[in-house]
Amino acid sequence: MQFILEDIAEAEVERRRGVYTPLTDTVRDLVDAVIRTEVGEDALAVAQRRIAEIVADLRSEQMDGPYGVRHTRENTGMAWGNAVIGVRNALAPPLNVEHVDDGVRCEFTLGAAYEGPPGCVHGGVCAMLLDHLLGNAASYESACYTGTITIRYLRPTRLGALTARAWVTEQTGRKRIARGTISDAEGVTCEAEGVFIVPRSALDAPPVRWSAG
Ligand SMILES: CCCCCCCCCC(=O)SCCNC(=O)CCNC(=O)[C@H](O)C(C)(C)COP(=O)(O)OP(=O)(O)OC[C@H]1O[C@@H](n2cnc3c(N)ncnc32)[C@H](O)[C@@H]1OP(=O)(O)O
(Lines give C-alpha, C1' and ligand atoms only; values in the text may rest on other atoms or scores of the structure.)
Protein backbone atom coordinates (compact mmCIF):
# COMPACT_ATOMS: atom_id res chain seq x y z
CA MET A 1 0.00 0.00 0.00
CA GLN A 2 1.81 3.09 -1.25
CA PHE A 3 1.09 6.69 -2.11
CA ILE A 4 2.33 7.67 -5.57
CA LEU A 5 4.27 10.82 -6.43
CA GLU A 6 2.81 12.42 -9.59
CA ASP A 7 5.67 14.70 -10.59
CA ILE A 8 3.69 17.48 -12.27
CA ALA A 9 3.17 21.22 -11.68
CA GLU A 10 0.08 22.53 -9.89
CA ALA A 11 -1.07 24.16 -13.15
CA GLU A 12 -1.01 20.74 -14.82
CA VAL A 13 -3.11 19.29 -11.99
CA GLU A 14 -5.70 21.99 -12.64
CA ARG A 15 -5.57 21.44 -16.41
CA ARG A 16 -6.18 17.69 -15.97
CA ARG A 17 -8.93 18.38 -13.45
CA GLY A 18 -10.60 20.55 -16.08
CA VAL A 19 -10.39 17.71 -18.61
CA TYR A 20 -11.73 14.92 -16.36
CA THR A 21 -14.39 16.78 -14.37
CA PRO A 22 -16.84 17.25 -17.30
CA LEU A 23 -16.34 13.62 -18.41
CA THR A 24 -17.02 12.29 -14.91
CA ASP A 25 -20.00 14.63 -14.47
CA THR A 26 -21.49 13.32 -17.72
CA VAL A 27 -21.02 9.68 -16.62
CA ARG A 28 -22.69 10.57 -13.31
CA ASP A 29 -25.54 12.07 -15.32
CA LEU A 30 -25.67 8.85 -17.38
CA VAL A 31 -26.07 6.76 -14.22
CA ASP A 32 -28.97 8.95 -13.08
CA ALA A 33 -30.51 8.87 -16.57
CA VAL A 34 -30.39 5.04 -16.71
CA ILE A 35 -32.10 4.76 -13.34
CA ARG A 36 -34.88 7.20 -14.24
CA THR A 37 -35.40 6.74 -17.98
CA GLU A 38 -38.82 5.73 -19.31
CA VAL A 39 -37.86 5.43 -22.99
CA GLY A 40 -38.90 2.28 -24.85
CA GLU A 41 -36.90 -0.94 -25.05
CA ASP A 42 -35.70 -0.28 -28.60
CA ALA A 43 -34.18 3.03 -27.45
CA LEU A 44 -32.61 1.22 -24.50
CA ALA A 45 -30.98 -1.32 -26.84
CA VAL A 46 -29.56 1.50 -28.99
CA ALA A 47 -28.28 3.31 -25.91
CA GLN A 48 -26.62 0.13 -24.65
CA ARG A 49 -24.78 -0.36 -27.96
CA ARG A 50 -23.62 3.27 -28.09
CA ILE A 51 -22.41 3.21 -24.51
CA ALA A 52 -20.61 -0.11 -25.10
CA GLU A 53 -18.74 1.52 -28.02
CA ILE A 54 -17.62 4.36 -25.77
CA VAL A 55 -16.48 1.88 -23.11
CA ALA A 56 -14.44 0.04 -25.76
CA ASP A 57 -12.82 3.35 -26.85
CA LEU A 58 -11.85 4.16 -23.26
CA ARG A 59 -10.57 0.62 -22.69
CA SER A 60 -8.22 0.88 -25.70
CA GLU A 61 -5.66 2.48 -23.38
CA GLN A 62 -5.96 1.67 -19.67
CA MET A 63 -3.67 1.74 -16.66
CA ASP A 64 -3.10 -1.53 -14.81
CA GLY A 65 -5.20 -1.75 -11.64
CA PRO A 66 -6.76 1.20 -9.81
CA TYR A 67 -5.72 4.86 -10.18
CA GLY A 68 -3.98 4.82 -6.81
CA VAL A 69 -3.63 7.66 -4.33
CA ARG A 70 -1.30 10.22 -5.87
CA HIS A 71 0.15 13.51 -4.72
CA THR A 72 2.33 16.22 -6.24
CA ARG A 73 5.69 17.46 -4.91
CA GLU A 74 3.73 20.36 -3.38
CA ASN A 75 1.62 17.72 -1.58
CA THR A 76 -1.62 18.41 -3.37
CA GLY A 77 -3.65 15.22 -3.14
CA MET A 78 -4.87 13.55 -6.33
CA ALA A 79 -7.10 10.78 -4.99
CA TRP A 80 -8.92 10.85 -8.31
CA GLY A 81 -10.25 7.30 -8.13
CA ASN A 82 -11.52 7.78 -4.56
CA ALA A 83 -15.07 6.53 -3.91
CA VAL A 84 -16.08 9.75 -2.13
CA ILE A 85 -14.04 12.59 -3.67
CA GLY A 86 -12.56 11.11 -6.86
CA VAL A 87 -12.38 13.54 -9.78
CA ARG A 88 -12.40 10.56 -12.17
CA ASN A 89 -14.94 8.49 -10.23
CA ALA A 90 -18.57 8.89 -11.29
CA LEU A 91 -19.63 6.80 -8.28
CA ALA A 92 -18.36 9.56 -5.98
CA PRO A 93 -21.12 12.13 -5.24
CA PRO A 94 -18.49 13.91 -5.18
CA LEU A 95 -17.82 15.67 -1.88
CA ASN A 96 -15.93 18.95 -2.18
CA VAL A 97 -14.48 19.10 1.31
CA GLU A 98 -13.76 22.52 2.78
CA HIS A 99 -11.47 23.07 5.78
CA VAL A 100 -13.03 25.21 8.51
CA ASP A 101 -11.79 26.34 11.92
CA ASP A 102 -12.93 23.27 13.84
CA GLY A 103 -12.58 20.59 11.13
CA VAL A 104 -14.11 20.00 7.71
CA ARG A 105 -17.50 20.56 6.09
CA CYS A 106 -19.17 20.11 2.73
CA GLU A 107 -22.42 20.70 0.90
CA PHE A 108 -23.57 18.13 -1.63
CA THR A 109 -26.62 16.71 -3.36
CA LEU A 110 -27.47 13.01 -3.46
CA GLY A 111 -29.81 11.85 -6.21
CA ALA A 112 -31.44 8.60 -7.35
CA ALA A 113 -28.15 6.66 -7.50
CA TYR A 114 -27.84 6.80 -3.70
CA GLU A 115 -31.32 5.57 -2.78
CA GLY A 116 -31.90 2.99 -0.05
CA PRO A 117 -35.31 3.33 1.63
CA PRO A 118 -37.86 5.00 -0.70
CA GLY A 119 -36.75 8.56 -1.45
CA CYS A 120 -33.98 8.33 1.15
CA VAL A 121 -30.22 7.86 1.21
CA HIS A 122 -28.91 4.30 1.67
CA GLY A 123 -27.50 3.90 5.18
CA GLY A 124 -24.26 2.48 3.79
CA VAL A 125 -23.78 5.62 1.70
CA CYS A 126 -24.20 7.81 4.82
CA ALA A 127 -21.64 5.61 6.58
CA MET A 128 -19.19 5.86 3.68
CA LEU A 129 -19.44 9.65 3.50
CA LEU A 130 -19.06 10.05 7.26
CA ASP A 131 -16.13 7.63 7.31
CA HIS A 132 -14.34 9.72 4.72
CA LEU A 133 -15.14 13.06 6.38
CA LEU A 134 -14.13 11.97 9.87
CA GLY A 135 -10.97 10.49 8.38
CA ASN A 136 -10.28 13.73 6.54
CA ALA A 137 -10.77 15.78 9.73
CA ALA A 138 -8.40 13.42 11.57
CA SER A 139 -5.79 13.51 8.78
CA TYR A 140 -4.49 17.01 9.56
CA GLU A 141 -0.82 16.03 9.97
CA SER A 142 -0.68 12.60 8.38
CA ALA A 143 -3.22 10.35 6.70
CA CYS A 144 -5.26 8.26 9.17
CA TYR A 145 -7.01 4.94 8.71
CA THR A 146 -10.38 4.14 10.22
CA GLY A 147 -10.02 1.75 13.15
CA THR A 148 -13.62 1.75 14.34
CA ILE A 149 -16.63 3.83 13.32
CA THR A 150 -20.14 3.93 14.79
CA ILE A 151 -23.08 5.55 12.99
CA ARG A 152 -26.32 6.53 14.70
CA TYR A 153 -29.20 7.01 12.26
CA LEU A 154 -31.50 9.50 14.01
CA ARG A 155 -34.07 9.71 11.20
CA PRO A 156 -34.17 8.98 7.47
CA THR A 157 -31.92 11.17 5.30
CA ARG A 158 -33.98 12.30 2.32
CA LEU A 159 -32.33 12.44 -1.10
CA GLY A 160 -31.50 16.02 -2.08
CA ALA A 161 -29.36 18.84 -0.72
CA LEU A 162 -27.35 17.91 2.37
CA THR A 163 -24.50 19.22 4.47
CA ALA A 164 -21.95 17.30 6.51
CA ARG A 165 -19.25 18.22 8.95
CA ALA A 166 -16.59 16.47 11.01
CA TRP A 167 -14.15 17.44 13.72
CA VAL A 168 -11.61 15.87 16.06
CA THR A 169 -12.46 15.67 19.75
CA GLU A 170 -9.40 13.92 21.13
CA GLN A 171 -5.85 12.92 20.22
CA THR A 172 -3.53 10.57 22.10
CA GLY A 173 -0.39 9.33 20.40
CA ARG A 174 -1.29 7.98 16.94
CA LYS A 175 -4.98 7.66 17.87
CA ARG A 176 -7.61 10.33 17.13
CA ILE A 177 -11.31 10.39 18.00
CA ALA A 178 -13.47 12.21 15.45
CA ARG A 179 -17.16 13.00 15.32
CA GLY A 180 -19.40 14.17 12.51
CA THR A 181 -22.93 14.65 11.22
CA ILE A 182 -25.02 14.71 8.06
CA SER A 183 -27.86 17.26 8.07
CA ASP A 184 -30.76 18.25 5.86
CA ALA A 185 -32.73 21.52 6.04
CA GLU A 186 -34.47 20.32 9.24
CA GLY A 187 -31.27 19.40 11.09
CA VAL A 188 -29.06 16.39 11.83
CA THR A 189 -30.17 13.06 10.32
CA CYS A 190 -27.23 10.88 11.35
CA GLU A 191 -24.11 11.21 13.44
CA ALA A 192 -20.87 9.29 13.69
CA GLU A 193 -18.00 8.74 16.06
CA GLY A 194 -14.81 6.97 15.07
CA VAL A 195 -11.31 6.03 16.10
CA PHE A 196 -8.70 6.93 13.46
CA ILE A 197 -5.12 5.73 13.62
CA VAL A 198 -2.01 7.17 12.00
CA PRO A 199 -0.21 4.07 10.71
CA ARG A 200 3.39 3.80 11.87
CA SER A 201 4.54 3.98 8.23
CA ALA A 202 2.96 7.47 7.81
CA LEU A 203 4.62 9.12 10.81
CA ASP A 204 7.41 10.70 8.76
CA ALA A 205 5.32 11.46 5.65
CA PRO A 206 4.50 15.12 4.86
CA PRO A 207 0.84 16.22 5.17
CA VAL A 208 -1.16 16.09 1.94
CA ARG A 209 -4.10 18.39 1.06
CA TRP A 210 -6.90 15.96 0.12
CA SER A 211 -9.95 18.21 0.02
CA ALA A 212 -9.89 18.76 -3.71
CA GLY A 213 -10.06 15.07 -4.55
C1 LIG B 1 -7.97 10.59 0.35
C2 LIG B 1 -7.57 10.64 1.75
C3 LIG B 1 -8.31 11.62 2.59
C4 LIG B 1 -8.16 11.35 4.03
C5 LIG B 1 -9.40 10.70 4.56
C6 LIG B 1 -9.25 9.22 4.59
C7 LIG B 1 -10.52 8.62 5.11
C8 LIG B 1 -10.62 7.18 4.67
C9 LIG B 1 -10.82 6.31 5.84
C10 LIG B 1 -10.81 4.86 5.42
O11 LIG B 1 -11.76 4.38 4.87
S12 LIG B 1 -9.40 3.94 5.77
C13 LIG B 1 -9.84 2.30 5.22
C14 LIG B 1 -10.49 1.48 6.30
N15 LIG B 1 -9.55 1.19 7.36
C16 LIG B 1 -8.58 0.26 7.24
O17 LIG B 1 -8.42 -0.39 6.22
C18 LIG B 1 -7.67 0.08 8.42
C19 LIG B 1 -7.17 -1.34 8.54
N20 LIG B 1 -6.46 -1.51 9.80
C21 LIG B 1 -5.16 -1.13 9.92
O22 LIG B 1 -4.48 -0.74 8.98
C23 LIG B 1 -4.58 -1.17 11.30
O24 LIG B 1 -5.31 -2.10 12.08
C25 LIG B 1 -4.59 0.21 12.00
C26 LIG B 1 -3.67 1.19 11.23
C27 LIG B 1 -6.02 0.81 12.09
C28 LIG B 1 -4.05 0.08 13.43
O29 LIG B 1 -2.87 -0.67 13.38
P30 LIG B 1 -1.64 -0.35 14.33
O31 LIG B 1 -0.75 -1.54 14.29
O32 LIG B 1 -1.07 0.99 13.98
O33 LIG B 1 -2.38 -0.25 15.76
P34 LIG B 1 -1.77 -0.57 17.19
O35 LIG B 1 -2.09 -1.97 17.55
O36 LIG B 1 -0.34 -0.12 17.27
O37 LIG B 1 -2.66 0.39 18.13
C38 LIG B 1 -2.46 1.79 18.20
C39 LIG B 1 -3.61 2.36 19.02
O40 LIG B 1 -4.83 2.30 18.20
C41 LIG B 1 -5.81 1.45 18.83
N42 LIG B 1 -6.43 0.66 17.76
C43 LIG B 1 -5.80 -0.18 16.93
N44 LIG B 1 -6.68 -0.70 16.05
C45 LIG B 1 -7.89 -0.16 16.37
C46 LIG B 1 -9.17 -0.32 15.83
N47 LIG B 1 -9.40 -1.11 14.76
N48 LIG B 1 -10.19 0.37 16.39
C49 LIG B 1 -9.96 1.18 17.44
N50 LIG B 1 -8.75 1.38 18.00
C51 LIG B 1 -7.73 0.70 17.47
C52 LIG B 1 -5.03 0.56 19.78
O53 LIG B 1 -5.85 0.13 20.83
C54 LIG B 1 -3.95 1.54 20.26
O55 LIG B 1 -4.53 2.43 21.19
P56 LIG B 1 -3.71 2.91 22.48
O57 LIG B 1 -2.54 3.74 21.92
O58 LIG B 1 -4.68 3.73 23.27
O59 LIG B 1 -3.26 1.65 23.16
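Residues numbered from 1 in each chain as written. Predicted model: local features only at pLDDT ≥ 70, side-chain atom pairs only at ≥ 80, totals over all residues. Heavy atoms only, no water.

**Description of the packing of aromatic side chains**
Worth spelling out the cut-off: Two aromatic rings, drawn from Phe, Tyr or Trp (for Trp, its six-membered ring), form a pair once their centres lie within 6.5 Å of each other, and the interplanar angle then sorts them: stacked below 30 degrees, edge-to-face above 60, tilted otherwise. Counted as over-ring charges are cases with an Arg CZ or a Lys NZ within 6 Å of the ring centre that also lie within 35 degrees of the ring normal.
One pass over the structure, following the stated rule, counts two aromatic pairs. Feature note: the residues Tyr20, Tyr67 and Trp80 constitute an aromatic cluster, connected by ring pairs. A cation sits over an aromatic face here: Arg88 above Tyr20, 3.9 Å from the ring centre. Over the aromatic face of Tyr140 sits the side chain of Arg176, whose NZ or CZ is 4.3 Å from the ring centroid.

**What to know about the domain arrangement of the protein**
The condition is simple: Boundaries between domains were set according to an automatic or database domain assignment. In what follows, residue pairs with any heavy atoms lying within 4.5 Å of each other are defined as contacts. Using a 1.4 Å probe, buried area is obtained as the accessible area two parts lose upon being combined, added over both of them. Whenever a carboxyl oxygen of Asp or Glu lies within 4 Å of a side-chain nitrogen of Lys or Arg, that contact is scored as a salt bridge. Any pair of N or O atoms that falls within 3.5 Å is considered a polar contact. Within protein, one atom must be able to donate a hydrogen and the other to accept it, and sequence-neighbouring residues count only if both atoms are side-chain atoms.
Once the domains are mapped, the protein shows domain 1 (1-94) and domain 2 (95-205). On a C-alpha basis, the centroid separation for the pair domain 1 and domain 2 is 23 Å. Contact with domain 1, which involves 15 residues of that partner, is made by 13 residues of domain 2. For the pair domain 1 and domain 2, the summed buried area comes to about 1000 Å², and 68% of that belongs to carbon and sulfur atoms. Looking only at domain 1, the three residues that lose the most surface to domain 2 are Val84, Pro93 and Pro94, adding up to 44% of its buried area. The interface formed by domain 1 and domain 2 includes zero salt bridges. At the junction of domain 1 with domain 2, the criterion picks out two residue pairs in polar contact (both at pLDDT 80 or more).

**Some details on the site of the ligand**
As a reminder, the rule being used: If a single non-hydrogen atom of a residue is within 4 Å of a molecule or strand, that residue counts as near it. The protein chains shown are the only cover counted for residues, whose accessible areas, like all others here, come from Shrake-Rupley with a 1.4 Å probe. By definition, any uninterrupted DSSP run of H or I lasting at least four residues is a helix, any uninterrupted run of E lasting at least two residues is a strand, and each is numbered from the N terminus. As a working rule, the residues Ala, Val, Leu, Ile, Met, Phe, Trp, Tyr, Cys and Pro are called nonpolar, Asp, Glu, Lys and Arg charged, and the rest polar, with Gly in that last group.
With respect to spatial proximity, 17 residues lie near the ligand, and among them Asp131, Thr148, Arg174, Lys175 and Arg200 are the closest. Note that an oxygen atom of the ligand is positioned 2.8 Å from one of the side-chain N or O atoms of Arg174. One nitrogen or oxygen atom from the side chain of Arg200 is found 2.8 Å from an oxygen atom belonging to the ligand. Burial of the ligand by the protein chains amounts to 54% of its free accessible area of 1200 Å². Counting only elements with at least two residues in the shell around the ligand, the list comes to helix H3 (123-138), strand E6 (145-153) and strand E9 (187-197). When the residues that make up the shell around the ligand are grouped by side-chain class, the tally is five nonpolar, eight polar and four charged.

**Remarks on the sheet that holds strand E3 (residues 77-78)**
Short version of the rule: At least two DSSP bridges between two strands are needed for those strands to be called paired.
Pairing within the open sheet is mixed, and its three strands lie in the order E1-E2-E3. Only two strands of the sheet have a single partner each, and these edge strands are strand E1 (4-5) and E3. The sheet contact formed by strand E2 (residues 70-71) and E3 spans two bridges and is antiparallel. Looking at E3, one finds that His71 is bridged to Gly77.

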